[in-house]
Each structure stands twice: as structure tokens, then as C-alpha cells.
Amino acid sequence: MGGTFDPIHYGHLLAAEEARRFLNLERLIFVPTGEPPHKRDHKVTSCEDRYAMTLLATAGVLEYSVSRIEIDRKEATHTVDTLREFIRSGIEPRDLYFITGLDAILSITSWFEYEKIPELCTLVTARRPGYPVSKIDSLPKFIRDKLEYIEIPQFAISSTEIRQRARDGRGIRFLVPHLVEIYIESNNLYRS
Ligand code: ATP
Ligand code: MG
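Note that the structure is a prediction, hence the values are computed from the model and not measured.

What counts and what doesn't
Throughout, a residue's number is its position along its own chain's written sequence, starting from 1. To label them, take the chains in the order written and letter them from A, then take the ligands in the order written and number them from 1. Local features in a predicted model are, by the rule used here, given only for residues with pLDDT of at least 70; side-chain atom pairs are given and counted only at 80 or more, and totals for whole chains, interfaces and linings are based on all residues. Excluding hydrogens and water, the side-chain values take into account all heavy atoms of the structure. Per the convention used, a helix needs a DSSP run of H or I reaching at least four residues, while a strand needs a run of E reaching at least two, with both numbered from the N terminus. Throughout, radius of gyration means the C-alpha value; the globule benchmark is 2.2 Å times the number of residues raised to the power 0.38. Burial here depends on accessible area, computed with a 1.4 Å probe over protein chains only, as a share of the maximum for the residue type. Under 20% is buried, over 50% is exposed, and the range in between is partly exposed. Note on ring pairs: Phe, Tyr and Trp rings are taken, using the six-membered ring of Trp, and paired if centres are within 6.5 Å. Classes follow the plane angle, with under 30 degrees stacked, over 60 edge-to-face and the rest tilted. A pair of strands is labelled paired if DSSP reports no fewer than 2 bridges between them. Fitted lines through C-alpha atoms serve as axes, helices being fitted only where they are in contact, and the angles separating the N-to-C directions of these axes extend from 0 to 180 degrees. Any pair of residues with heavy atoms lying within 4.5 Å of one another is described as a contacting pair. Salt bridges are defined by distance alone: a side-chain nitrogen of Lys or Arg within 4 Å of a carboxyl oxygen of Asp or Glu.

> Can you walk me through the overall build of the chain in this structure?
From N to C terminus, the chain includes 8 helices and 6 strands. Going from the N terminus to the C terminus, the chain shows its helices and strands as β-α-β-α-β-α-β-α-α-β-α-β-α-α. In summary, the chain has a C-alpha radius of gyration of 16 Å against a globular reference of 16 Å for 192 residues, a match within 12%. Dimensions of the chain, computed from the C-alpha atoms along their principal axes, are close to 45 × 35 × 35 Å. Taken over 192 residues, the chain has a buried fraction of 47%.

What follows is the structure in C-alpha cells.
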């Protein structure tokens, strides 16, 4: 599962875990993005802070790991390159699943070399509040053919909202894992 994870929250964790259970996946790899070109609306927190929070959120869960693949890439990072790198490391395309929320998958046709993505993995998407599932029908057929849709309990939270709450001094407890909350507070993240 890829994401900016700025910060990682229970919406991410629930979507990923539901995909894991539903598809009986052996491992779940969280892949925080490098410095993403498309997130200009706010200053993205450093990779290392986002990586640390993702580690804290997933620590102790046997099937979970966090990959530095995009953080350590020198050039601009694209999902297609990350999938290729996992395949080079020995994972068969039929065993590789890319998990995204509905908002992300709906913009897939703007991703670098997106036409190649369905050859490299199965796409998995879960509903996200505010994004109608019916929009999936507008995706090209070759994408829909490699798309698994899963129904999950709805968590109407976003990293944007959590950053705003932290900035306003409103609590973020129970929206993010406890250790992530402590990390945000101790490092003064999202404070102006
Ligand atoms: P931001 O508000 O900064 O865009 P975000 O909450 O959307 O953050 P991202 O890191 O952009 O989080 O998302 C990573 C992936 O997690 C995306 O595929 C996104 O669709 C999915 N996702 C995020 N929040 C939820 C949620 N509440 N329920 C289901 N999927 C989610
Ligand atoms: Mg987002």
C-alpha cells in the first residue's frame, strides 16, 4: 500500500488490513512516498518523519513491513517503478497487489505509464467516504479488469484533517495509533 502517510492514520490501516484479510495476503508492505510532486497544497513532512510514523503504526504486526524503496529513490518516484522493483526482487505479478483508496484509483490515468500497471499487479481498492463507487465505471476497461473492489467499514478521516486538528491544538487521539500521536507531539509536527 502506497501513500504519503503524512501522517498515517486508522483509515489507511483499516483499508490495508481489510485487503489483507479479504485477499488472504501473506505480507503487507507500506510504501511511504518520497517527496511527492503533486502535493503542493501543504509542505509535506520530511520522508524520515513519515517513515518513522509508518514504522510506529505498524510495529509488532507480524505480516506488516515498511519499505524505503520510494524514499531512497534519487529520481522522481512513480508507482510503476516501485512495482517493477518488487517484481525484480522476485515477486510474481500474479502475487502482487497494489492497495489504494478510491480517490487514488480514480486518478490512475494521470499516473506515469499507468497503462503498464495492470500487467504488473492486481489493483485493490476500498471505498472512501465522499467518493462514489459508481465512478469506477468510468475507468478504462483494461484497468477495471485488474481491479478488485472491497467493501470496508467507513472511516471518514484524512491526513489533511489530522494535520489541521494538530495545528489547531484539537486532539488527534484515536484517529492515529497512540505512538504516532506521541511522535507528532514530541516532534512538534504540523504546528505553525
Ligand atoms: P491527504 O489528506 O494528505 O491527501 P490521505 O488521508 O488522503 O492524506 P494519503 O497518504 O494521501 O492519505 O493516502 C494513501 C492511500 O490511503 C490512498 O490510496 C488513499 O485513498 C487511502 N486512504 C486514505 N484515507 C483513507 C480512508 N479514510 N479510508 C480508506 N482509504 C483511505
Ligand atoms: Mg490523499
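> Could you clarify how one ought to interpret the packing of aromatic side chains in this entry?
Describing an aromatic ring pair means giving the distance of the ring centres and the angle of the ring planes. Taken as a whole and assessed by the stated rule, the structure comprises 4 aromatic pairs. With centroids separated by 6.1 Å and ring planes inclined at 85°, the aromatic side chains of Phe-98 and Trp-111 adopt a geometry described as edge-to-face. With a gap of 13 residues between them, Phe-98 in strand S4 (residues 97-101) and Trp-111 in the loop between helix H4 (102-105) and helix H5 (117-120) connect regions that are remote in the sequence. The pair formed by Phe-98 and Trp-111 is uniform in burial state, with each residue classed as buried. Counting every residue linked through ring pairs, the aromatic cluster contains Phe-5, Phe-30 and Tyr-64.

> Help me understand the sheet that holds strand S5 (residues 122-126) in this model?
By way of backbone hydrogen bonds, the strands of a sheet pair with one another, either parallel or antiparallel. Within the open sheet, the 3 strands sit side by side as S4-S5-S6. Their pairing is parallel. Edge positions in the sheet fall to S4 and strand S6 (147-150), since each of these pairs with one other strand and no more. When strand polarity is set aside, the average angle formed by the axes of neighbouring strands in this sheet is 25°. Contacts from helix H1 (residues 10-23) reach S4, S5 and S6, with the element oriented near 110° to S6.

> What is the right way to read the pattern of salt bridges from this model?
Between side chains of opposite charge, pairing is possible as soon as their charged atoms come close. Applying the stated rule across the entire model yields 12 salt bridges. A salt bridge links Asp-72 to Arg-68; the shortest N-O distance between them is 3.0 Å. Residues Asp-168 and Arg-170 are paired through a salt bridge, measuring 3.5 Å at the closest nitrogen-oxygen approach. Look at Arg-170 and you get partly exposed, because its relative accessible area is 44%.

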